[in-house]
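A look at the structure
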Amino acid sequence: FRPEGGRVPGARRPEAVGAAAMEEAAARNGSGAGAGPPPAAPRPPATPEGMALAYGSLVLMALLPIFFGALRSVSCAKSKNSSEMPETITSRDAARFPIVASCTLLGLYLFFKIFSQEYINLLLSMYFFVLGILALSHTISPMMNRFFPANFPNKQYQLLFTQGSGESKEEIVNYEFDTKDLVCLALSSVVGVWYLLRKHWIANNLFGLAFSLNGVELLHLNNVSTGCILLGGLFIYDVFWVFGTNVMVTVAKSFEAPIKLVFPQDLLEKGLDADNFAMLGLGDIVIPGIFIALLLRFDISLKKNTHTYFYTSFVAYIFGLGLTIFIMHIFKHAQPALLYLVPACIGFPLLVALAKGEVTEMFSYESSAEILPHTPRLTHFPTVSGSPASLADSMQQKLSCPRRRRQQSPSAM
């Protein structure tokens, strides 16, 4: 959780909040003496109402992608469409993730120190412009489908890239979409152009929410032990890079990309042109979010028609985020949110499991087993007509082609 400013999307020159902000403003005002126009007066502190609105909005925006992303992760796990299959994080991936994240963070810090910040942010803006459009289109597609009339001319398309020929042919890209997806893509492109031209904080938040929801939906932990490894490693990562160095704060203030949710603390005074922001990194949403989504799938696997562990972890996240804001407000310093979120999101469900005697079931649950757990997964449905003998022959031919990959969506039987 970062209260500091820097170059935040949507702000012409946003400032930091709290004691650290006042020191930064004082240094900036002093350095401008005797050269150019007189420095601007220090920004007045945010009002209690403005701070309450900003922090309350950040909490609400953090909860939305976790809640809906967890629900969508259940149907995503049961999807037979390989283009929508989730990426599974194993224990090895979880152990390596803090190291990879640290190298990436340090690399960005060195880039900002060595090269021009404007050129780096231009490249990053173009990169996140494309990713943001795709993520937002995928996010709004289920909602937009409800608004299309029944007689809407919806045509199917397929983007296919292969290499090789014959039995050695392999699919590189096989993406299926329809006319409704193209409409969603066009609407998302409007937001993308708005963000690219204006860097407005609302456009930034739309992309940030889309990234968060897609992350919670499509990134799956394979079991609770892996989740504990990932959260524990990032707990140390977050604490070290926030309290041990100024690297994370510097990168957060220099990075012009929708990797954080922001909300102005002076919205009541300046309206949509407000530029005094509080912010929350997307990692503080996605990382606990994928663990909470795992617990929802565990609840469903118990077949007790209750979502005890999901709601417990969800309340734990609210508690941890509220504690982060409280500590940040007291000490006037950026706080590593995972310092408070990780113990809450792991500890609360574990206490519930101990009370219910389900610790063994929790740690033995495998997320990959939730897809038709008692039957083999049928990855291809052949389209044949004729006698049962011809159907059997067709199935045998399909099974005799080991190099052939599964199709993207089952055809009608």
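Residues numbered from 1 in each chain as written. Predicted model: local features only at pLDDT ≥ 70, side-chain atom pairs only at ≥ 80, totals over all residues. Heavy atoms only, no water.

What to know about empty space enclosed by the protein
Gaps between atoms show up when a probe of the same size as a water molecule is rolled over them. The tally for this structure, following the rule as stated, stands at three cavities of 30 Å³ or more. Approximately 50 Å³ is the volume found for the second largest cavity. Every residue along the wall of the second largest cavity is listed here: Val224, Cys228, Phe291, Ile346, Pro349, Leu350, Met362 and Phe363. Put simply, the parts of the chain that give the lining of the second largest cavity at least two residues each are helix H7 (224–244), helix H12 (338–356) and helix H13 (359–364). Among the elements that take part in the lining of the second largest cavity, H12 stands out by supplying three residues, more than any other. Taken together, the residues that form the lining of the second largest cavity break down as eight nonpolar, no polar and no charged. (1 Å grid on protein atoms, 1.4 Å probe; cavity = no way out; pocket = protein on both sides within 12 Å on 5 of 7 lines; lining within 4 Å. Points joined across faces, edges and corners; volume = space filled by probe spheres on them. Helix = DSSP H or I, 4+ residues; strand = E, 2+ residues; numbered from the N terminus. Nonpolar A, V, L, I, M, F, W, Y, C, P; charged D, E, K, R; others polar.)

Topic: the pattern of salt bridges
Applying the stated criterion to the full structure yields five salt bridges. The closest approach of N and O atoms between Asp266 and Lys270, which form a salt bridge, is 3.8 Å. Salt bridges sharing common partners tie together Asp266, Lys270 and Asp275. (Salt bridge = Lys/Arg side-chain N within 4 Å of Asp/Glu carboxyl O.)

Here we look at a nonpolar patch on the surface
Taken together, Leu106, Leu110, Phe111, Ile114 and Phe115 make up a surface patch of nonpolar side chains, about 500 Å² in accessible area. Note on placement: Phe111 falls in helix H3 (residues 91–114). When its relative accessible area of 46% is taken as the criterion, Phe111 is described as partly exposed. (Patch = residues over 30% accessible without salt bridge, like charges linked within 9 Å, V, L, I, M, F, W, Y side chains within 5 Å. Areas by Shrake-Rupley, 256 points an atom, 1.4 Å probe, with all protein chains shown as cover. Buried < 20%, exposed > 50% of the residue type's maximum accessible area, 1.4 Å probe, protein only.)

Quick notes on unusual backbone geometry
The phi torsion at Lys303 lies on the positive side, around 55 degrees, for a residue other than glycine. By the element assignment, Lys303 lies in the loop between helix H10 (283–302) and helix H11 (308–331). Owing to a relative accessible area of 65%, Lys303 belongs among the exposed residues under this scheme.

Some words on the UniProt feature "transmembrane region" (unreviewed entry) in the chain
In the numbering used here, UniProt assigns the feature "transmembrane region" (unreviewed entry) to residues 52–74, 94–112, 119–140, 218–243, 277–296, 308–331 and 337–355. Across residues 308–331, the secondary structure splits into 100% helix and 0% strand, with the terminal C-alpha atoms separated by 35 Å. Regarding residues 337–355, the helix share stands at 95% and the strand share at 0%, and the terminal C-alpha atoms are separated by 27 Å. (UniProt positions renumbered as here; feature names shortened; annotations may be inferred.)

Here's the deal with the packing of H3 against H7
For the pair H3 and H7, the least separation of the axes is 7 Å and the interaxial angle reads 20 degrees. Taken as axis vectors, H3 and H7 run roughly parallel relative to one another. Along this stretch, H3 crosses H7, giving a crossing that reads as right-handed. Each of Ser91, Ala94, Ala95, Phe97, Pro98, Ala101, Ser102, Leu105 and Leu106 in H3 lies in contact with H7, whose residues at this interface are Thr226, Ile229, Leu230, Gly233, Leu234, Tyr237 and Trp241. (Axes fitted to C-alpha atoms, helices over the stretch in contact; angles between N-to-C directions. Parallel < 35°, antiparallel > 145°, perpendicular 65-115°, else oblique. Left-handed = near helix turned anticlockwise from the far one by under 90°. Contact = heavy atoms within 4.5 Å.)

What about the packing of aromatic side chains?
In this structure the tally under the stated criterion is 17 aromatic pairs. With a centroid separation of 6.0 Å and an interplanar angle of 75 degrees, the aromatic rings of Phe128 and Phe211 are classed as edge-to-face. Note that Phe128 is positioned in helix H4 (residues 117–144) and Phe211 in helix H6 (residues 201–218), a separation of 83 residues in sequence. When its relative accessible area of 13% is taken as the criterion, Phe128 is described as buried. Using a relative accessible area of 17% as the deciding quantity, one classes Phe211 as buried. Taken together, the aromatic side chains of Phe67, Phe68, Phe310, Tyr311 and Phe314 make up a single cluster linked through ring pairs. The cationic tip of Lys199 hangs over the ring face of Tyr195; the distance from NZ or CZ to the ring centre is 5.2 Å. (Phe/Tyr/Trp six-rings, centres within 6.5 Å; stacked < 30°, edge-to-face > 60°. Lys NZ or Arg CZ within 6 Å of the ring centre and 35° of its normal.)

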